[in-house]
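What follows is the residue order along each chain.
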Amino acid sequence: MQTVAPAAARARSFFDSGATRPLAWRLEQLRSLRRMLTERRAEFAAALGSDLGKHAAESLLAEIGFVAAEAAHLEMNLGAWLRPRPVPVPLTVQPARAWTELTPLGVVLVIGPWNYPVQLLLAPLAGALAAGNSVVLKPSEHAPATSAALARWLPDYLPGAVEVVQGGIPETTALLAERFDHIFFTGGEAAARVVLRAAAENLTPVTLELGGKCPAYVDASTDLPTAAKRIAWGRFMNAGQTCVAPDYVLATEEVLEPLQRELVAAIASLFGPDPARSSSYGRIVDDRHFERLAALADGSTVVHGGDRDAAGRYFAPTLLRPAPGDTVMEEEIFGPLLPLVPVRGRDEAIRFINGRAKPLALYVFSNDAGSRRAFAAGTSSGALCFDVPAAHLMVPGLPFGGVGASGMGAYHGEHSLRTFSHERSTLAKSLRPDTLKLVYPPYTRTKHRIISALVSPAGRLRRKG
Ligand code: NAD
């Protein structure tokens, strides 16, 4: 087992050296991260291909290019976002100046999953470095080629501030025994509980980026062929192993019938007549997940696909018509199975969603303004997207995160900077004149009158101007 304490100690002493604080250093790290992604693009694409059968184009879109765009966005705006923000001062404290400033937290631990092993480790890294922290990275052991590539290249491009600890549960357990200033975790609910319990020991703040079942609702007012194409794209990208993939579809029976036909056509147009032969279609990460998915499909009713090859970990894009109580509707699928679930209409769909854990994302395919409003007002989810799944991740101004069981906290762009910073309140009040003497005891009748004039009975402080 790789010893982790020295890595955490090196990260701590690098942060303590003060090297990470200057804006110039932070910008240089972001540039260097982009340089690594450009110069080592082929190595990372090959690693992703080996771990998950990802096509190089998909790796560029959702992993390598994604992180480069996030780093560039941070780089472009960092100076402005770091500027102190003035805050008005109430009359009782004047004359004085107040402002807030984003200050680094210290040493950040980032624990990543295997499904987007570059994006979900390096996008948080970009935010943590932009915020002036040093970082310990723990890539997933289930994407070993990508983990090895990250451990090989990151120290060359980002020496000093970044430590990579490879390994699985023993290494993560040892890391969690160390003291960090923030833990950023992306993964499943079970490990999130372990992380949260360990963080409690040191009162370490955490961000939890989790999963769950993301619903898609489709009604008759939408353009069904395009909706089906987008749902199939979101669901079957990375062989369904995407946290924001539509996990199941809700629609009335009258919509489900034609939608099912359109989904079959969409699958054929994305991956050809035999997805097993398509280089655009990924593979299941390991045997354990393959068997889990096989059990989910076999425990339900397959209406399209379902064929698989255990040796190659190929699992066809599959449509299901689940019966109430099928396990596939009880847990996050995280694979290429898409249950089609009938509801009587919009209101029942909303009740169905609200009867389950709050999703990471909710997708509504409807041209009806009333329906859009009803979902917006009547549900809670990490994100709500109309007519498109998953693409909200690519809008750097939108915070990305869950709510309730789908996560805690958010990141991307300025939200990353804020997640990995402490917004420090600063107040500067000059000693001359000493206006506070008006409120120092002893409380004479004059002082009482002055305080009454400054502080209204309703409890609102009166401000000048
Ligand atoms: P996971 O929870 O099994 O593993 C995540 C990380 O935690 C890995 O680095 C792993 O080594 C570590 N880990 C696992 N068990 C641990 C334990 N008992 N103690 C300490 N560390 C432990 O998750 P995964 O299988 O890699 O990823 C799949 C899950 O992640 C899905 O639920 C998915 O929805 C979620 N996910 C969420 C997002 C998001 O951005 N919200 C993105 C991708 C994946």
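Residues numbered from 1 in each chain as written. Predicted model: local features only at pLDDT ≥ 70, side-chain atom pairs only at ≥ 80, totals over all residues. Heavy atoms only, no water.

Counting secondary structure elements, the chain contains 15 helices and 18 strands. With respect to the principal axes defined by its C-alpha atoms, the chain has extents near 85 × 55 × 35 Å. A burial count over the chain gives 51% of its 465 residues as buried. Total accessible area computed for the chain in this model is approximately 20100 Å², and 57% of it derives from carbon and sulfur atoms. Distance between charge centres in the chain, computed from 49 positive and 44 negative side chains, equals 14 Å. (Helix = DSSP H or I, 4+ residues; strand = E, 2+ residues; numbered from the N terminus. Buried < 20%, exposed > 50% of the residue type's maximum accessible area, 1.4 Å probe, protein only. Areas by Shrake-Rupley, 256 points an atom, 1.4 Å probe, with all protein chains shown as cover. Lys, Arg positive; Asp, Glu negative; His and termini not counted. Charge placed at Lys NZ, Arg CZ, Asp CG, Glu CD.)

Before going further, it helps to examine empty space enclosed by the protein. Rolled over the atoms, a probe as big as a water molecule pinpoints where empty space is left. What the rule picks out here adds up to four cavities of 30 Å³ or more. As a volume, the largest cavity reaches approximately 190 Å³. Along the wall of the largest cavity there are 15 residues; nearest its centre are Ala62, Gln119, Met237, Ala390 and Leu393. Elements that contribute at least two residues to the lining of the largest cavity include exactly α4 (56-82) and α5 (119-130). Sorting elements by how many residues they give to the lining of the largest cavity places α4 first, with three residues. Shared between two domains, the lining of the largest cavity takes at least three residues from each, and those domains are domain 1 (5-210 + 411-422) and domain 2 (214-401). (1 Å grid on protein atoms, 1.4 Å probe; cavity = no way out; pocket = protein on both sides within 12 Å on 5 of 7 lines; lining within 4 Å. Points joined across faces, edges and corners; volume = space filled by probe spheres on them. Domains from an automatic or database assignment.)

Partitioning the chain into structural domains gives domain 1 (5-210 + 411-422), domain 2 (214-401) and domain 3 (430-464). The straight-line distance from the C-alpha centre of domain 1 to that of domain 3 is 46 Å.

With respect to the secondary-structure elements, Ser300 resides in the loop between α11 (287-298) and β10 (302-304). Classification of Ser300 by relative accessible area gives buried; the value is 13%. For Ser300 and Ala57, which are 243 residues apart along the polypeptide, the C-alpha to C-alpha distance reads 33 Å. Not counting residues within four places of it along the chain, the set of residues in contact with Ser300 comprises Leu320, Arg321, Pro322, Asp326 and Val328. (Contact = heavy atoms within 4.5 Å.)

By volume, the largest pocket is sized at about 1300 Å³. For the lining of the largest pocket, the elements supplying multiple residues, two or more each, are α7 (169-176), β6 (182-186), α8 (189-202) and α11. Per-element accounting of the lining of the largest pocket gives the leading share, five residues, to α8. Each residue belonging to the lining of the largest pocket can be placed in one class, and the counts come to 22 nonpolar, 14 polar and 12 charged. Each of domain 1 (5-210 + 411-422) and domain 2 (214-401) contributes no fewer than three residues to the lining of the largest pocket. Taken as a whole, the second largest pocket spans an internal volume of roughly 180 Å³. Around the second largest pocket sit His55, Ala57, Glu58, Leu61, Trp233, Met237, Leu270, Phe271 and Ser280, which together line it. Among the secondary structure elements, those contributing two or more residues to the lining of the second largest pocket are α4 and α10 (253-271). (Nonpolar A, V, L, I, M, F, W, Y, C, P; charged D, E, K, R; others polar.)

The subject of this paragraph is the packing of helix α2 (residues 23-39) against helix α6 (residues 144-157). For the pair α2 and α6, the least separation of the axes is 10 Å and the interaxial angle reads 135°. Taken together, the axes of α2 and α6 are oblique relative to one another. The interaxial crossing formed by α2 with α6 has right-handed handedness. For the pair formed by α2 and α6, the contact residues are Ser32, Arg35, Met36 and Glu39 on the first element and Trp153, Leu154 and Tyr157 on the second. (Axes fitted to C-alpha atoms, helices over the stretch in contact; angles between N-to-C directions. Parallel < 35°, antiparallel > 145°, perpendicular 65-115°, else oblique. Left-handed = near helix turned anticlockwise from the far one by under 90°.)

With that out of the way, let us pick up the sheet that holds strand β1 (residues 85-87). Pairing within the open sheet is antiparallel, and its three strands lie in the order β1-β2-β18. Each edge of the sheet is formed by a strand with only one pairing partner; in this case those strands are β1 and β18 (421-428). Each strand axis lies, on average, 30° off the axis of its neighbour in the sheet, ignoring direction. As paired strands, β1 and strand β2 (residues 97-104) are joined by three bridges and run antiparallel to one another. Its bridge partner lying in β2, Pro86 is registered against Trp99. (Pairing = 2+ DSSP bridges.)

What follows deals with the environment of Lys437. You can see Lys437 is positioned in the loop between β18 and α15 (445-454). The exposed category is assigned to Lys437, whose relative accessible area is 53%. Through-space distance from the C-alpha of Lys437 to that of Gln94 is 12 Å; in sequence the pair is 343 residues apart.

Time to look at the pairing of strand β14 (residues 337-342). Judged by how many residues are buried, β14 sits mostly within the fold: five of six residues are covered. In this sheet, β14 lies alongside strand β9 (residues 246-251) in parallel orientation, the contact comprising three bridges. The residue of β14 that forms the bridge with Ala251 is Pro342. Direction of pairing for strand β13 (residues 318-320) relative to β14: parallel, over a ladder of three bridges. Across the sheet, residue Leu319 finds its bridge partner in β14, namely Leu338.

The full set close to the ligand counts 25 residues, and Gly112, Glu141, Gly188, Leu210 and Glu332 are the nearest of them. For the ligand, an oxygen atom lies 3.2 Å from a polar atom in the backbone of Gly187. A distance of 2.8 Å separates an oxygen atom of the ligand from a polar backbone atom of Gly188. For the ligand, whose accessible area on its own is 840 Å², the fraction buried by protein is 89%. One can see that the ligand is located within the largest pocket. The residue makeup of the shell around the ligand, split by class, is 13 nonpolar, eight polar and four charged. Here the shell around the ligand spans two domains, since at least three of its residues come from each of domain 1 (5-210 + 411-422) and domain 2 (214-401). (Near = heavy atom within 4 Å. Polar contact = N/O pair within 3.5 Å; in protein donor to acceptor, adjacent residues only side chain to side chain. Sits in = over half its atoms within 2 Å of the grid points.)

Most of β9 is tucked away, with six of its six residues classed as buried. In the sheet, strand β8 (residues 214-218) pairs with β9 via four bridges, with the strands oriented parallel. Bridging across to β9, Pro215 finds its partner in Tyr248. The handedness of the β8 to β9 crossover, carried by helix α9 (residues 224-236), is right-handed. (Right-handed = clockwise from strand over helix to strand, strands pointing away.)

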